[in-house]
Amino acid sequence: MTEDDFKQVFTQANLSYRYKPVPEVIQRNIDGKILILLFNTDDEMYEVDGIAIKIWEKIVEKQNLPYFLFQYSSENKIPTERFCKDTISFLQDLLSRNIIQSE
């Protein structure tokens, strides 16, 4: 997949290219995982691990996600379609929990 292919997938899923955590989010790095605490929903905790940590870091940095996905999948020789699908699912989950918002 090319970077434009990743952009097209984001567009088809009605997702933005850049996100940021909502102001109520606090994160902690514990034992190789990121724990996200969201104060506006009864102190809900959300755990991020594996490759999702890299995606979360790009969200915090307000980076262009399709570009990151293209670059990361190319450098690490991972199956791009599965990576893209998992990322979309991760973003949709974060959005549904009001943990992130469009930049």
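Notes on the structure in this doc start here. Here the structure is a predicted model, which means the values were calculated and not measured. Chains are numbered independently. Their residues run from 1 in the order of the written sequence. For this predicted model, a pLDDT threshold of at least 70 governs which residues receive local features, and a threshold of 80 or more governs which side-chain atom pairs are given and counted, while totals over whole chains, interfaces and linings are taken from all residues. Hydrogens and water molecules were not included; the side-chain quantities draw on all heavy atoms of the structure.

## Thoughts on unusual backbone geometry
With phi around 50°, Lys77 is a residue other than glycine that occupies positive phi space. When a residue's accessible area, from a 1.4 Å probe over protein chains only, is under 20% of the maximum for its type it is buried; when over 50% it is exposed; and in between it is partly exposed. Look at Lys77 and you get exposed, because its relative accessible area is 71%. A positive phi angle, near 55°, is found at Asn98, a position not held by glycine. Helix and strand definitions here come from DSSP, where helices need a minimum of 4 consecutive H or I residues and strands a minimum of 2 consecutive E residues; each element is numbered from the N-terminal end. Along the chain, Asn98 turns up in the loop between α4 (80-96) and β5 (100-102). With a relative accessible area of 46%, Asn98 lands in the partly exposed category.

## Structural notes on α4
For α4, built from 17 residues, the straight-helix expectation of 24 Å at 1.5 Å per residue is met to within 8% by its first-to-last C-alpha distance of 24 Å. Considered for burial, the residues of α4 that qualify are Thr80, Phe83, Cys84, Thr87, Ile88, Phe90, Leu91 and Leu94. An end-on view of α4 places all buried positions within 165° of arc, on one side of the element. For α4, exposure combined with an orientation more than 90 degrees from the buried face picks out Glu81, Arg82, Lys85 and Ser96. To estimate how far a helix should extend, the number of its residues minus one is multiplied by 1.5 Å. By construction, the arc corresponds to the directions joining the helix axis to the C-beta atoms.

## Some points on the sheet that holds strand β3 (residues 33-38)
Read across the open sheet, the three strands follow the order β2-β3-β4; overall the sheet is antiparallel. Each edge of the open sheet carries a strand with a single partner, namely β2 (25-30) and β4 (44-48). Strand after strand, the sheet turns through a mean of 25° between neighbouring axes, direction not considered. Taken together, the six bridges between β2 and β3 define a ladder with antiparallel strand orientation. The residue bridging Gln27 from the neighbouring strand is Ile36, located in β3. Strand pairing follows a simple DSSP-based rule, namely that at least 2 bridges must link the two strands. Throughout, an axis means a line fitted to C-alpha atoms (over the contacting stretch in the case of helices), and angles, computed between N-to-C directions, take values from 0 to 180 degrees.

## A few points about the packing of aromatic side chains
To pair, rings of Phe, Tyr and Trp, with the six-membered ring standing in for Trp, must have centres within 6.5 Å; the planes then decide the type, stacked if under 30 degrees apart, edge-to-face if over 60, and tilted in the middle. Throughout the structure, instances matching the rule amount to three aromatic pairs. Judged by centre distance (6.4 Å) and plane angle (70°), the rings of Phe10 and Tyr17 are edge-to-face. By relative accessible area, Phe10 is classed as buried at 0%. On the accessibility criterion, Tyr17 (28% relative accessible area) is partly exposed.

## A closer look at the pattern of salt bridges
The rule for a salt bridge is simple: a side-chain nitrogen of Lys or Arg has to be within 4 Å of a carboxyl oxygen of Asp or Glu. For the structure on display, the rule yields six salt bridges. The salt bridge partner of Glu47 is Lys33, with a shortest N-O separation of 3.1 Å. Here Lys33 lies in strand β3 and Glu47 lies in strand β4, a separation of 14 residues in the sequence. Overall, Glu47 belongs to the partly exposed group, its relative accessible area being 45%. For Lys33, a relative accessible area of 31% puts it in the partly exposed group.

## So, the pairing of β3
Looking down a regular strand, the side chains alternate between one sheet face and the other. Residues Ile34, Ile36 and Leu38 line the buried face of β3, whereas the alternating positions Lys33, Leu35 and Leu37 sit on a face that is not buried. The antiparallel pairing of β2 with β3 creates a hairpin that spans two residues between the two strands, and Asp31 there sits at a positive phi of about 50°. Two strands pair when backbone bridges link them, and β3 and β4 are joined in this way by five bridges, in the antiparallel orientation. Paired with Ile36 across the bridge in β4 is Tyr46.

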